[in-house]
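# Observations on chain architecture
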Amino acid sequence: MWQQVHSALSQSAHRVLFKLASFLPGLLALLVAVIVLALVGAALAAMLRRILVSAKFDERMARNSTDALSDWSPSGSPTLLVARIVFWACVILGFIIGISAFDASSNGSQISTFLLPYLTHSVGAIVLLILGNLIARFLERSVLIGAVNARLQYARFLSLGIKWLVLVLTAAMVLDHLEIGGAIVELAFGILFGGIVLTLALAVGLGSREMVSRSLEKNVERTDPGAATEPPAASEPLRHF
Amino acid sequence: MASIPTHIDAAAQQTAAITTGSLLVSLPPLPDGSFDTMLASLAAAFPTETVLVATPAAAPNGTTHATPGNIHLVPYTPAATSTTNWVLTAADYLNTFKGAGETQASACLLLGAECQSLTPEAIRALAASVTGSNADLAVARYNLGPREGLFNSAILYPLTRALFCVRSRYPLAIDLGLSLRMAERLAAASQKFISTNQSDALLWPCIEAACANYAIAEVDVGSRVLPQPAAADLNTLLAQIGSSLFAEVDARAAFWQRARGAQPSLSVDLSAALTESPDIAPMLDAFHLAYANLHEIWSLVLPPNSLLGLKRLSVTPANSFNMPDGLWARIVYDFALAYRLRTINRGHLLGALTPLYLAWVASHLVLTGNGTPPEKHIQDLASAFEADKPYLVSRWRWPDRFNP
């Protein structure tokens, strides 16, 4: 009896040690692949940054008035943006190579066939999330400033509505991309999105009816020739230019 | 080396050839009646000198114009075209220089839209500044009413004067006298914009001249009908001009951080005053609405001290509404810095400046309505910009330093 228990325990320990021994090289290969590719990425990014700085890439982009690229760049520098994209692309490549190596070293395991598609989906979801947040913030400010300059009293409400519309849309896209929630996400998104749009429409259409008509009347007045002038308060109008 | 393509019509080349060394007057497209008036003014301004008149429509609608013997029409095909006519653009400078090069003129007069309202004396004075004296750039100084050219008075003039030590009252004047080398410099600057398909881009001749260490003369041209922008609203125009000026400030930082002293300016008329108080309520409403909504965005650009000043201003009653000159100077400087640092999107930045500008206009009108001569307030404002220039230089060099 005791011998049988001892034999079973030693066989289990042997199997565990065997699995560990076959698992560790794969893990090591994954780590090495990630570290090496990260180092390669850092070197490439540094080299690229140096080349772009010497080529005055930022100045050229600024001169060509491509504000969009600069606005999305860290510290307003397109050079830094390009360098970081290269670095993170290398890191992701390292992960992909590492997982493949891990898969090859562990016999019979199909981790890569499960992990690789999910990894690429996760990267896509992260990119979507970042872009969605940036676009939401950009549109929020655009609408807020535009509405304030158009003298709409409900400017903040409008900008918040736009911001949450984009954020809800982004969240739904991210969850859909990760295949989480299935039909529930679609349903919830439809309800939320429709709800926000309906709320905005009701608020603007009914609650602020008079304000909208006043704003429109002012806009019509402003489309007169010599539009850069204030409405004539006295006999002589103001001329800003 | 490839030669510059000729853009003057063949029929006019013979005329141009016999008038080498003359003054070239570059006119915008003018309707028939205005064109005749302009030719008469030129004839009165230059009774004996030979003058070349370059215009893209020298004979509008195919009609023939009777010109005195010393006035020669030089019709040309523009090398670049611009859709903006209320201000001089890159296309205008390039066309003028090409015209001057091909007619071998000795100096140029570049006149803007509605130039038929200029007096012959004013035209002559502008020309004399670049032909008779050592000036490379003659800038017109207009006699505007107290409610005109407010954006120029609020930002363009004080900022140009403080940073570049140029005292021209209208840095974006649309009537200029140019020496050949000045025209060449402006054409070179224009070419950069035109090559990127931006023929409507604004140039800053005073800043170009100051950076090249060229002499600038200011010429009092008296009253003149100033063309107004056609359809764009205040926000768009303010963003267009403000953006161009801030970009120029950014590009010329190495120059203006060293610039000291100032050129002498013409004496100013401090007697003109407002006869009646305009309605400032819409402007104050715009400011109050913006204060309630844009505070978060302003706080990204302005230091706490300026925000405190705006807070005080937001609770000030309309009849005593007064934005201190120092506060306005700080606001403009901080926005220029934020433009350079791209603290927020540049379109948003200039949009957020509009209500603050309207607050300054309201304050200016209240002040002048209370008896202060408008020109005195503008000169005081320009002095405040000059006094605060070290602040901008310091923040430009060390933007991350603590700034209360």
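### Some thoughts on the overall build of chain B
- A count of helical and extended segments in chain B gives 16 helices and 7 strands.
- Burial status across chain B gives 52% buried among its 404 residues.
- By sequence separation, contacts in chain B at least 24 residues apart represent 82% of the contacts at least 6 residues apart.

### Quick notes on the overall build of chain A
- If you tally the helices and strands in chain A, you get 8 helices and 0 strands.
- Along chain A, from the amino end to the carboxyl end, the secondary structure elements read α-α-α-α-α-α-α-α.
- Residues classed as buried in chain A amount to 17% of the 241 residues present.
- A fraction of 62% describes how many contacts in chain A between residues 6 or more apart in sequence connect residues 24 or more apart.

### Some points on the sheet that holds strand 5 (residues 137–142) of chain B
Residues and elements named next belong to chain B.
- With mixed pairing, 7 strands are arranged side by side in an open sheet as 3-2-1-4-6-5-7. Strands with a single pairing partner mark the edges of an open sheet, and in this sheet they are strand 3 (71–75) and strand 7 (216–222). The sheet shows a mean angle of 20° between the axes of neighbouring strands, direction not considered.
- In this structure, strand 5 lies alongside strand 7, joined through 6 bridges in parallel fashion. Across the sheet, the residue bridging to Ala140 is Val219, located in strand 7.
- Of the strands in this sheet, strand 1 (23–26), strand 2 (51–55) and strand 3 touch helix 2 (residues 32–45), which is tilted by about 135° from strand 3.

### Observations regarding the domain arrangement of chain A
Residue and element names in this part refer to chain A.
- Taken as a whole, chain A is organised into domain 1 (25–109) and domain 2 (112–220).
- With 7 residues of domain 1 at the interface, the matching set in domain 2 holds 6 residues.
- If you tally residues by element for the side of domain 1 that touches domain 2, the top one is helix 4 (residues 78–105), at 6 residues.
- For the side of domain 1 that touches domain 2, the class distribution of residues is 5 nonpolar, 1 polar and 1 charged.

### What about the packing of helix 2 of chain B against helix 4 (residues 120–131) of chain B?
Residue and element names in this part refer to chain B.
- In the contact formed by helix 2 and helix 4, the axes pass within 8 Å of each other and the chain directions differ by 60°. Between helix 2 and helix 4, the interaxial angle falls into the category oblique. The interaxial crossing formed by helix 2 with helix 4 has right-handed handedness. Judged by residue contacts, Ser41, Leu42, Ala44 and Ala45 of helix 2 engage Pro120, Ile123 and Arg124 from helix 4.
- By residue class, the composition of the contact of helix 2 with helix 4 is 5 nonpolar, 1 polar and 1 charged.

### So, unusual backbone geometry
- The phi dihedral of Arg151 of chain A is positive, around 60°, even though this residue is not glycine.
- Mapped onto the secondary structure, Arg151 of chain A falls in the loop between helix 5 (111–149) and helix 6 (155–177).
- Judged by the 18 C-beta atoms lying within 10 Å of it, Arg151 of chain A falls in the partly exposed class.
- One non-glycine residue, Asn213 of chain B, lies in positive phi territory at about 60°.

### What about the domain arrangement of chain B?
Residues and elements named next belong to chain B.
- For chain B, the assigned domains are domain 1 (10–236) and domain 2 (281–397).
- Taken over C-alpha atoms, the centre of domain 1 sits 33 Å from the centre of domain 2.
- The partner domain 2 presents 14 residues to the 13 residues of domain 1 that form the contact.
- Among the elements that line the side of domain 1 that touches domain 2, the one with the most residues is helix 5 (residues 150–164), at 10 residues.
- When the residues that make up the side of domain 1 that touches domain 2 are grouped by side-chain class, the tally is 10 nonpolar, 2 polar and 1 charged.

### Quick word on helix 14 (residues 346–369) of chain B
Residue and element names in this part refer to chain B.
- Between its first and last C-alpha, helix 14 extends 34 Å over 24 residues, near the 34 Å set by a 1.5 Å rise per residue.
- Along its length, helix 14 shows its largest kink, about 25°, at Thr354, and proline Pro355 lies within four residues downstream of that point.
- Among the 24 residues that make up helix 14, 22 are buried, leaving the element largely enclosed by the rest of the structure.
- Looking at the residues trailing helix 14, positive phi occurs at Gly371, about 115°.

### Some points on the packing of helix 8 (residues 234–251) of chain B against helix 13 (residues 325–341) of chain B
All names here are of chain B.
- For the pair helix 8 and helix 13, the least separation of the axes is 9 Å and the interaxial angle reads 75°. Considering the angle they form, helix 8 stands roughly perpendicular to helix 13. Residue-level contacts link Phe246, Val249 and Asp250 of helix 8 to Ala336, Tyr339 and Arg340 of helix 13.
- Here the residues of the contact of helix 8 with helix 13 sort into 4 nonpolar, no polar and 2 charged.

### Focus: the confidence of the model for chain B
Residue and element names in this part refer to chain B.
- Chain-level pLDDT for chain B is 84 on average; 87% of the residues reach the 70-or-more range.
- In the predicted structure, residues 1–6 sits below a pLDDT of 50 and forms 3 contacts with residues beyond four places in sequence or in another chain.
- Predicted as a complex, the structure gets a pTM of 0.79 and an ipTM equal to 0.83.

### Things to note about the nonpolar core
- With 149 residues, the main nonpolar core has Val25, Leu126, Val139, Leu178 and Ala362 of chain B as its most contacted residues.
- At 14 residues, the largest contribution of residues to this core is made by helix 14 of chain B.
- Once residues lying within four places of it in the same chain are set aside, the contact partners of Ala362 of chain B are Ile280, Met283, Leu284, Phe287 and Phe321 of chain B.
- Ranked by size, the runner-up nonpolar core spans 12 residues in total, among them Ala29, Ala45, Phe95 and Phe102 of chain A.

### Some words on the environment of Leu159 of chain B
Residue and element names in this part refer to chain B.
- Topologically, Leu159 is positioned in helix 5.
- In sequence terms Leu159 and Leu381 are 222 residues apart; their C-alpha atoms lie 9.8 Å from each other.
- The contact partners of Leu159, leaving out residues within four places of it in the chain, are Leu245, Val332 and Phe385.

Rules used in this analysis
- Residues numbered from 1 in each chain as written.
- Chains lettered and ligands numbered in written order.
- Predicted model: local features only at pLDDT ≥ 70, side-chain atom pairs only at ≥ 80, totals over all residues.
- Helix = DSSP H or I, 4+ residues; strand = E, 2+ residues; numbered from the N terminus.
- Buried ≥ 20, exposed ≤ 12 C-beta atoms within 10 Å, placed from the backbone.
- Contact = placed C-beta atoms within 7 Å.
- Pairing = 2+ DSSP bridges.
- Axes fitted to C-alpha atoms, helices over the stretch in contact; angles between N-to-C directions.
- Domains from an automatic or database assignment.
- Nonpolar A, V, L, I, M, F, W, Y, C, P; charged D, E, K, R; others polar.
- Parallel < 35°, antiparallel > 145°, perpendicular 65-115°, else oblique.
- Left-handed = near helix turned anticlockwise from the far one by under 90°.
- Expected span 1.5 Å × (residues − 1).
- Bend = angle between axes of the 7 residues up to and from the residue.
- pLDDT = per-residue confidence, 0-100.
- Core = buried A, V, L, I, M, F, W, Y, C linked by C-beta atoms within 7 Å.

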